[in-house]
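Chains, contacts and geometry: an overview
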Amino acid sequence: MPCFRFQVDSYAYFPPNFEHSIESDAPAIIVIFERRHAQLANHVPEPLVNSTDKQPLLETPGEVFELRKLLPSSLAYDFNIHIMDFQPGEFLNVKEVHYNQHGLLLLEGEGIYRLGGSWYPVQAGDVIWMAPFVPQWYAALGKTPTRYLLYKDVNRSPL
Ligand code: UGY
Ligand code: MN
């Protein structure tokens, strides 16, 4: 079985039933998103190993934040992980409402997250789960840039 050495910024995707093990010889923090895979006939996800800094910046029409996606956007993948970067003072121009759920981990910075009618001060290390259709908005109000990691279910009927 191939062996990969992980550093800060590395990530991996393992499809269903993919045998794997993870070892660490020093203290390390990893984030794991695990879900039951929703298979589409003839669309088979492949395992992958990569790093965030190798992912291209994507267009974000109408928005100012920087966006990278960690997984291919092809139909084989039933979720994606977005890495979003905001400079101090930047914010989402759109107050979003959508069927997709999110799991968010704030990796760097601080700001305020609006969920529905509530406002939450957040800082690096905080996590948020956003249910489908929860109105969402973020402003990076700290003195340092914000980076957050966002799980988003995609490519499948929400029903
Ligand atoms: O892609 C998204 O849904 C993302 N912009 N949402 C968010 O940052 N709350
Ligand atoms: Mn969203």
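Placed above this text is the structure.
First, a word on scope: everything that follows refers to the structure included in this document. Remember, it's a predicted structure, so these values are computed and weren't measured experimentally.

Some remarks on the coordination of the manganese ion (ligand 2)
All of the protein donors around the manganese ion (ligand 2) are Glu96 (OE), His98 (NE2), His102 (NE2) and Gln136 (OE1); their distances to the metal are 2.1 to 2.2 Å. Around the manganese ion (ligand 2) sit 6 donor atoms, and with donor-metal-donor angles ranging over 77 to 174 degrees the site reads as octahedral. Each donor residue of the manganese ion (ligand 2) belongs to the same chain, and together they define the spacing E-x1-H-x3-H-x33-Q. Of the two residues, glutamate 96 and histidine 98, both sit in the buried class.

Notes on the environment of valine 31
Looking at the element boundaries, valine 31 is found in the loop between β1 (10–13) and β2 (48–51). Looking at valine 31, the relative accessible area reads 43%, which means it is partly exposed. Along the primary structure valine 31 and leucine 105 are separated by 74 residues, whereas in three dimensions their C-alpha atoms are 8.9 Å apart.

Concerning the site of ligand 1
Within the structure, ligand 1 sits among His82, Met84, Glu96, His98, His102, Tyr113, Gln136, Tyr148, Leu150 and Lys152. In this structure, glutamate 96 approaches ligand 1 through a side-chain N or O atom, which is 2.6 Å from a nitrogen atom. Looking at the shell around ligand 1, the elements that each hand over two or more residues are β4 (79–86) and β10 (146–153). Counting residues per element, the shell around ligand 1 draws most heavily on β10, which supplies 3 residues.

Structural notes on the sheet that holds strand β6 (residues 110–115)
The pairing of strands in a sheet comes from backbone hydrogen bonds and takes either a parallel or an antiparallel form. If you trace the 3 strands from one edge of the open sheet to the other, you get β7-β6-β9, paired in antiparallel fashion. Two strands bound the open sheet, and with one partner strand each, they are β7 (118–123) and β9 (136–139). For this sheet the average axis-to-axis angle between neighbouring strands, irrespective of direction, equals 25 degrees.

Reading guide: rules and limits
Residues numbered from 1 in each chain as written. Chains lettered and ligands numbered in written order. Predicted model: local features only at pLDDT ≥ 70, side-chain atom pairs only at ≥ 80, totals over all residues. Heavy atoms only, no water. Donors = N, O, S within 2.8 Å, 3.2 Å for Na, K, Ca; no water. Tetrahedral: all angles 85-135°; square planar, octahedral: opposite > 155°, others 65-115°. Buried < 20%, exposed > 50% of the residue type's maximum accessible area, 1.4 Å probe, protein only. Helix = DSSP H or I, 4+ residues; strand = E, 2+ residues; numbered from the N terminus. Near = heavy atom within 4 Å. Polar contact = N/O pair within 3.5 Å; in protein donor to acceptor, adjacent residues only side chain to side chain. Pairing = 2+ DSSP bridges. Axes fitted to C-alpha atoms, helices over the stretch in contact; angles between N-to-C directions.

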